[in-house]
Each structure stands twice: as C-alpha cells, then as structure tokens.
Amino acid sequence: MLVVVSPNRVAVRVEQESEVFPPPTGPTTSPEQIRELDDAYFAGDVAGYFHNRVDSLVAWAQCQSVDRSSGLAGDVTQRLGFLAQDIAPIDDRLRGVQIAADAFAVRHHAAETLIRLIAAVLMAREKDEVCSIWQTIALGPTPMIEVIKNIQTALDSDESRVLFSRISVPEDMLRTEASNPQLERAVRVLGSWVEHAVYLLTRNDINVNAGNNKAKHGMAIRARDDLRVMFSKEGPDASGGIAESVLNGSDTVDILDRPLLQLLSPPPSSVKPKQGLELTWLRLDAAALLAETTMLATALGAIFHVAAKAHRDRYATPESIAPYPPFLLALTADELLGHSVTGMRFPVTDPSDGSVNLRPSGVGFHKDFVPLIVDHAGASKAVVTDN
C-alpha cells in the first residue's frame, strides 16, 4: 500500500503502487511508462464497449418508457431538480428512428476503432524497440485515409499472407489449430470485417462516412421514418390515383423501406474533379447495422486480445485481460449484406468552377452504385387508394 500526501496535506491512500504513474524522464516514454500505459489500456475491454452499446440499443427498442422515479433515471431527475412530470416527454413514434440513427453511429464508431487499433499494432511490430500500443493509437495520424494507407502498406508487403493471422489469432491457437479448416474460415471472416470497416470509411460513390461526421459535429442531419421510395412498373391512373395493392405488389421494388438519415455534404475529397453539394439519404436498417457492429466488435476483440496477451506475456501484467471472442463461424460482410440498399444521392449544386456535374442522382447498394436519370419535368403526384 502506498500513501501519497497531496499539497493541501490530505493523505490519499492508493491500494496498488502501479496506479501511481511514473514521472517523466525525458521527451520520450520510458520503458516503465510504456508498461504502465499498456497495463492500463489492456486491462480494459474495448470490444465489450461496443457489444454493450448493441445490447443497450436493443434494450431501448424493447423498453416502452423510462421510469423516472427510481434508479439512474430517478437520480438524473433529482440532480436536475425536476419532477418526473416536468421533463419533456419523448415521442414514442420516433423511438425506432433514434435507435436506427444511433445504430448507424455506433457501427461507424466500431469501424474506426478497429482500423486505428490495427494500424497501431502493425506500426508497433515494425519498430525495433518496444512501444506502447495505447500511445501509438493516441499519436497516430488524425486523417483516417492516412491510417488506412499505413495498414494497406503493411499488409500488402506481407508476401507470406500470415501477418493478419498473427495479429488476430492467439499464437497457441495458430499452432494447435493450424490444420483446422475452421480456423482458416474464421480468419477469412475476421479479415472480411476489417475490409468492410475500410470500405465504410472510404466509400466515395455514396458518402456514407459523411453521415457519421455530420452526426458527430453539430447533428447536421435529419433522421426520419415517414418516407418510402420504390420503383414500380405502374404509374398513377387517369384520375391521379394509385392502388395500395400496386405499391405492395410483385411489380414494385422497395428502395428505401426503413428509417432514413438525410445529410448535406460535398462528395468525399477522393472524388476528382471537385463536385458540388449533395443530398444523401442513407437507409437505416437497425438490425443489419447492429449485426455489423457486433461483427466489427468481434474482430476488434480478437485483435485487442492478441495484443493484450503479447503485452502480458512480456510483463506478466495486467492480471486479467478481455478473453478471445468465441470461435464463431459467422457470416462475412458480403454474406450478411448481400445486395442491400445503402441509400440514394442527389446533386444539390453544380461544381463551383462551372463544369458539368459528374455525380448524377442514383441508388447505392452494398457494393454497387446505379445512376438514375430523373425526369423532373414529367413528375406527377398520385393519391394512394384502397383496392
């Protein structure tokens, strides 16, 4: 036990000496500091955070109302000095929209966390000296494109194609399960989710990543569930009506049939030449988004465990680390998402240099984009009628 006396002479008792961080010894981290930093980092459970977020959103979807008379909700209400009835009610109709929007945000959060951890682990492997994974993540490049380039450079130079296995599968499992075809399948599944994370963060035919950024920085978005877009072979009849049976019939294909996230943003910077402002509608399938998050977190947990175990093997600390994820033969990203619709985009302004707009309206699918020619002049309205 260590007792620290603070400047105001108040004694502070610390149970473990390791909890008192060593003082600086120069412009770079010392070996003791490296151990202390990663002791703290690897004693956590980064993947568990995302699994808990998924569970909390599912629980929220199944919860009809919040009891503000007890528990955490009651404590929050008491701190605010409010009575439960004084708090603005939440429109239950919007619950599904808000859950879907949060599912979108947590999926992107998991994707970025996964990519930044991989980049740090690969960077640490390239160094001759031992370094802190936590510090490497903290000081890594801020622009995501640079982080991804570093990963691609490292993995592309791996001629034997075993590097990803070494950072995602425990060493003892690689030895004992080397001939197990299930191990090969598991590594392929994990790799597909890493590729999917990169795809989410760099896709440029429809600006998925902007949705996450616009939500984080000022909520410059709108989530809604009152819009449906479909393609039908039949149009309005002579009286300006269209039967409900037509809209739900076999000749009608749903494009946007879930809540939407709407955002304004220019195309990604990778699009050249520079184009104008775009309106993007992203389809929010909460179940699919949470399934994606679960698999991204599973890949994250695998890589985090392997790095944590390497640290513990070196220093014998921390005593406990997050376990390796269950050996699941789950779906790859492409198998899960298939040909699902990602969303739609619409040009709002032309390029500022007066050139022709090269980004027409269109529908984005999981791995494809289909441009559309919209006949604005021929647009018409219809009233949906019963049969």
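Quick look at the structure, then. (Residues numbered from 1 in each chain as written. Predicted model: local features only at pLDDT ≥ 70, side-chain atom pairs only at ≥ 80, totals over all residues. Heavy atoms only, no water.)

Here we take up the pairing of strand S7 (residues 260-265). Burial runs high along S7: five of the six residues are buried. As judged from the four bridges shared by strand S3 (residues 221-224) and S7, these two strands associate in the antiparallel manner. Residue Arg222 lies in a different strand from S7, and its bridge partner there is Gln262. Of the strand pairs in this sheet, S7 and strand S8 (residues 278-283) are connected by six bridges, and their pairing is antiparallel. Pairing of Gln262 across the sheet is with Trp281, part of S8. (Buried < 20%, exposed > 50% of the residue type's maximum accessible area, 1.4 Å probe, protein only. Helix = DSSP H or I, 4+ residues; strand = E, 2+ residues; numbered from the N terminus. Pairing = 2+ DSSP bridges.)

Take helix H4 (residues 95-126) next. Taking 1.5 Å of rise per residue, the 32 residues of H4 would be expected to cover 46 Å, and the 47 Å separating its terminal C-alpha atoms lies within 8% of that figure. For H4, a buried count of 23 out of 32 residues is recorded, marking the element as mostly surrounded by other parts of the structure. (Expected span 1.5 Å × (residues − 1).)

This part takes up unusual backbone geometry. For the bond running from Lys272 to Pro273, omega is -5°, close enough to zero to count as cis. With respect to the helices, strands and loops of the structure, Pro273 is situated in the loop between S7 and S8. At the junction of Thr317 and Pro318, the peptide bond is cis and its omega measures out at -5° in the coordinates. In the Ramachandran plot, Met219 falls in the positive-phi region, its phi being about 50° despite a non-glycine side chain. Residue position: Met219 is located in the loop between helix H10 (208-216) and S3. For Ala316, which is not glycine, the phi torsion reads 65° and is therefore positive. Of note, Ala316 is situated in the loop between helix H12 (286-315) and helix H13 (333-337).

Here the focus is the sheet that holds strand S9 (residues 341-347). Reading across the sheet, the six strands line up as S3-S7-S8-S9-S10-S11 and stay open at both edges, with antiparallel pairing between neighbours. On the outer flanks of this sheet lie S3 and strand S11 (368-371), each paired with one strand and no other. Across the sheet, the axes of successive neighbouring strands diverge by a mean angle of 20°, strand direction being ignored. With four bridges connecting them, strand S10 (residues 362-365) and S11 associate as antiparallel partners. Paired with Val363 across the bridge in S11 is Val370. (Axes fitted to C-alpha atoms, helices over the stretch in contact; angles between N-to-C directions.)

Moving on: the pairing of S10. Two strands pair when backbone bridges link them, and S9 and S10 are joined in this way by four bridges, in the antiparallel orientation. The residue bridging Met344 from the neighbouring strand is Val363, located in S10. Linking two consecutive strands that pair antiparallel, namely S10 and S11, is a turn of two residues.

Turning our attention to the environment of Val54. Looking at the secondary structure, you find Val54 in helix H2 (residues 46-62). For Val54 and Ala297, which are 243 residues apart along the polypeptide, the C-alpha to C-alpha distance reads 9.9 Å. Among all residues touching Val54, those that are not within four sequence positions of it are Leu290, Thr293 and Thr294. (Contact = heavy atoms within 4.5 Å.)

The next subject is the nonpolar core. Ranked by internal contacts, the top residues of the largest apolar core, which has 72 residues, are Leu114, Ile115, Leu117, Ile118, Ile133 and Leu296. Top contributing element to this core by residue count: H4, with 17 residues. Residue contacts for Ile133: discarding those within four places in its chain leaves Asp38, Tyr41, Phe42, Leu117, Ala120, Val121 and Ala124. In terms of nonpolar packing, the next biggest core, distinct from the first, is built from nine residues, Leu256, Leu260, Trp281 and Val341 among them. (Core = buried A, V, L, I, M, F, W, Y, C linked by side-chain atoms within 4.5 Å.)

The subject of this paragraph is the side chain of His108. Structurally, the position occupied by His108 is in helix H4. On the accessibility criterion, His108 (0% relative accessible area) is buried. Once you skip the residues sitting within four places of it in the chain, His108 turns out to touch Leu200, Leu201, Val208, Asn209 and Asn212.

Turning our eyes to something else, we now look at the packing of aromatic side chains. If you walk through the whole model with that rule in mind, you get six aromatic pairs. Each ring, one from Tyr49 and one from Phe50, has its centre 5.0 Å from the other, and the planes form 85°; the classification is edge-to-face. Given the relative accessible area of 38%, Tyr49 is considered partly exposed. Exposure remark for Phe50: the relative accessible area of 1% places this residue in the buried category. Ring pairing ties together the aromatic residues Tyr41, Phe42, Trp134 and Phe304, which thus form one cluster. Here the guanidinium or amino end of Lys367 rests over the ring plane of Tyr199, the centre of that ring lying 5.3 Å away. (Phe/Tyr/Trp six-rings, centres within 6.5 Å; stacked < 30°, edge-to-face > 60°. Lys NZ or Arg CZ within 6 Å of the ring centre and 35° of its normal.)

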